[in-house]
Amino acid sequence: MSEIQTTSTQPYLIRAWVEWCNDNGLTPYLSVRVDKTVLVPREFVKDGEIVLNISYDATSALKLGNYYIEFTARFGGVPRDIMVPVSRVVAIFARETGQGMGFPPPEDLLDDDADIAMAALEGAGDAGEPAGEANAASPVMQVVTSSEEPPAPDGKSPGRAGKGGKPSLKLVK
């Protein structure tokens, strides 16, 4: 029996999260890994990533397609055309609550990310501090499972009851 070819679920999940945010009065944000295929103002890219507000209030002509997310937004008061391949989106989340969904990184970045992580570990200070004070100040989004969370001081699990083992997003500062 041959394998059935289907399209990626990622663009459908992105559209669902945007709709959910809008229905609940929240602001949807995209976290995007930037490369030469991503059309964004490069001066706002930090560590190869940019976070974009894609709410209808912040954008015009927003198109959430199956292969590209396109819109116009103001950066420093100047309107700029933005085009992001869906495959470069690594997360979508609500600004106000942090609720969201992470996506697997683009395959071409897996080796690069491993190299960056190893370099960061090797460059850590003797006291176990991360290399560079800028890294300690900027928040990092990562996927964690509730089974990996340390127990709370009162001995109870800090996660949601009955939801053990399901992944969730956690903002680490």
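Residues numbered from 1 in each chain as written. Predicted model: local features only at pLDDT ≥ 70, side-chain atom pairs only at ≥ 80, totals over all residues. Heavy atoms only, no water.

What's the story with the sheet that holds strand 2 (residues 49-53) in this structure? I'm lost.
Whenever strands of a sheet pair, they do so through backbone hydrogen bonds, lying parallel or antiparallel. With antiparallel pairing, the four strands of this open sheet are ordered in space as 2-1-6-7. In this open sheet, the two strands that pair with only one neighbour each are strand 2 and strand 7 (100-102). Strand-to-strand twist across the sheet, computed as the mean angle between neighbouring axes with direction ignored, equals 15°. (Pairing = 2+ DSSP bridges. Helix = DSSP H or I, 4+ residues; strand = E, 2+ residues; numbered from the N terminus. Axes fitted to C-alpha atoms, helices over the stretch in contact; angles between N-to-C directions.)

Is there a simple way to explain the packing of aromatic side chains in this structure?
Between two aromatic rings, the relevant description is the distance of the centres plus the angle of the planes. In the structure shown here, the tally under the stated rule is three aromatic pairs. Note on W17 and W20: the rings are 5.2 Å apart at their centroids and 75° apart in plane angle, and the pair reads as edge-to-face. Of this pair, W17 and W20 both sit in helix 1 (residues 10-23), separated by three residues, roughly a single helical turn. Taking the relative accessible area as the measure of exposure, W20 reaches 30% and is therefore partly exposed. Residue placement shows R15 over the ring face of Y12; its charged tip is 4.7 Å from the ring centre. (Phe/Tyr/Trp six-rings, centres within 6.5 Å; stacked < 30°, edge-to-face > 60°. Buried < 20%, exposed > 50% of the residue type's maximum accessible area, 1.4 Å probe, protein only. Lys NZ or Arg CZ within 6 Å of the ring centre and 35° of its normal.)

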